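Results of the structural survey
Listed below, chain by chain, are the residues.
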Amino acid sequence: MKKLIDILYNNINTIQVIGSTDIAVHALQLDSRKVEKNDLFFAIKGVSVDGHAFISKVIEQGASVIVCEEIPTEKNENVTYIQVDDARKTSALIACNFYDDPSQKLKLVGVTGTNGKTTVATLLYELYKKQGEKVGLLSTIENKINNEIIPSTHTTPNPIELNALLKKMVDANCDYVFMEVSSHAIDQDRITGLKFAGAAFT
C-alpha cells in the first residue's frame, strides 16, 4: 500500500488532479473486474473497449483513485480523479513508482526480435544461473525467480504485473533478469519506464 502522492512522480504529466493525493492506494488495476476497496483504476481506451465506460462501476466496487483521459461529468467527492493525456503510458510509469522502480535495482536485459526470443532469454538465464548468479527470467513459456517457476500468460506481462514480478526478483536478491520483449509490448507501453542494462537481438 502506498500514498497516492508518493507514486505521482517520475515524468508523470498530469493535466489536472481533482481530489486529495494524501490517500492510500491498495493496488493498481487495469481490469475493472478486479477492482477492490482503495484501488487505483486506469481508464484506458482500447481497440474494442473503453475503460472510461467502467468508471462508475469501479467506484461502486471501492476504487478511490481514477486515472483517465476524460474526467467524467458526474464525480464522486470521495474519489480522486487524475487526468492525463495518455492513460496507458501513465499506467506503466505509476507501476514503476508503486513497486519502487525495481528495474533500476537489477541488471535487466531485454531480448527482442522476430524469432528465438524465448530460446535466447532462457539460455542466458541458464548460463548465468550455472555461474552461481541469482537470476530471473520473463518469457512466453514461464517466468522464473531463481528456481521458482511462475506461470506466464503473455510474452511480456502488462506493466503492473511486470513491475510486481521485478519487485519479487529484487526481494529475492536477483542480480540479472532476462526478459522477452515483443514489438507488441513496446507498442503498448508495457516496458515504458523500465531501465535496461542491455539488449539482445534475435
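See above for the structure.
Our subject in this report is the structure included herewith. Remember, it's a predicted structure, so these values are computed and weren't measured experimentally. (Residues numbered from 1 in each chain as written. Predicted model: local features only at pLDDT ≥ 70, side-chain atom pairs only at ≥ 80, totals over all residues. Heavy atoms only, no water.)

Brief notes about the packing of helix α3 (residues 87–98) against helix α5 (residues 159–171)
Between α3 and α5, the least distance of the axes is 8 Å, while the angle of their chain directions is 20 degrees. It follows that α3 is roughly parallel to α5 by the angle criterion. The way α3 lies across α5 gives a crossing that is right-handed. Within the contact between the two elements, α3 uses Ser91, Ala92, Ala95 and Cys96 and α5 uses Pro159, Ile160 and Asn163. Considering only residue class, the contact of α3 with α5 consists of 5 nonpolar, 2 polar and no charged. (Axes fitted to C-alpha atoms, helices over the stretch in contact; angles between N-to-C directions. Helix = DSSP H or I, 4+ residues; strand = E, 2+ residues; numbered from the N terminus. Parallel < 35°, antiparallel > 145°, perpendicular 65-115°, else oblique. Left-handed = near helix turned anticlockwise from the far one by under 90°. Contact = heavy atoms within 4.5 Å. Nonpolar A, V, L, I, M, F, W, Y, C, P; charged D, E, K, R; others polar.)

Some points on the pattern of salt bridges
Applying the stated criterion across every chain yields a total of 9 salt bridges. For Lys3, the salt bridge identified is with Asp22, shortest N-O distance 2.8 Å. You can see Lys3 sitting in strand β1 (residues 2–3) and its partner Asp22 sitting in the loop between β2 (14–18) and β3 (24–25), a full 19 residues away along the chain. You can call Lys3 partly exposed: its relative accessible area is 36%. (Salt bridge = Lys/Arg side-chain N within 4 Å of Asp/Glu carboxyl O. Buried < 20%, exposed > 50% of the residue type's maximum accessible area, 1.4 Å probe, protein only.)

Points about the environment of Phe178
Along the chain, Phe178 falls in strand β12 (residues 176–180). For Phe178, a relative accessible area of 2% gives the class buried. Along the backbone, Phe178 and Asn143 are 35 residues apart, and their C-alpha atoms lie at a distance of 9.9 Å. Residues in contact with Phe178, not counting those within four places in the same chain, are Val109, Ala121, Leu124, Tyr125, Tyr128, Val135, Gly136, Leu137 and Leu138.

A short note on the sheet that holds strand β7 (residues 80–84)
The mixed open sheet is built from 5 strands, whose spatial order is β2-β7-β6-β5-β4. The open sheet has two free edges, formed respectively by β2 and β4 (28–29), since each of these has just one partner strand. Alignment of β4 against strand β5 (residues 40–42), held across 2 bridges, turns out to be parallel. Its bridge partner lying in β5, Gln29 is registered against Phe41. α3 contacts β4, β5, β6 (65–68) and β7 of the sheet and is inclined by roughly 150 degrees relative to β5. (Pairing = 2+ DSSP bridges.)

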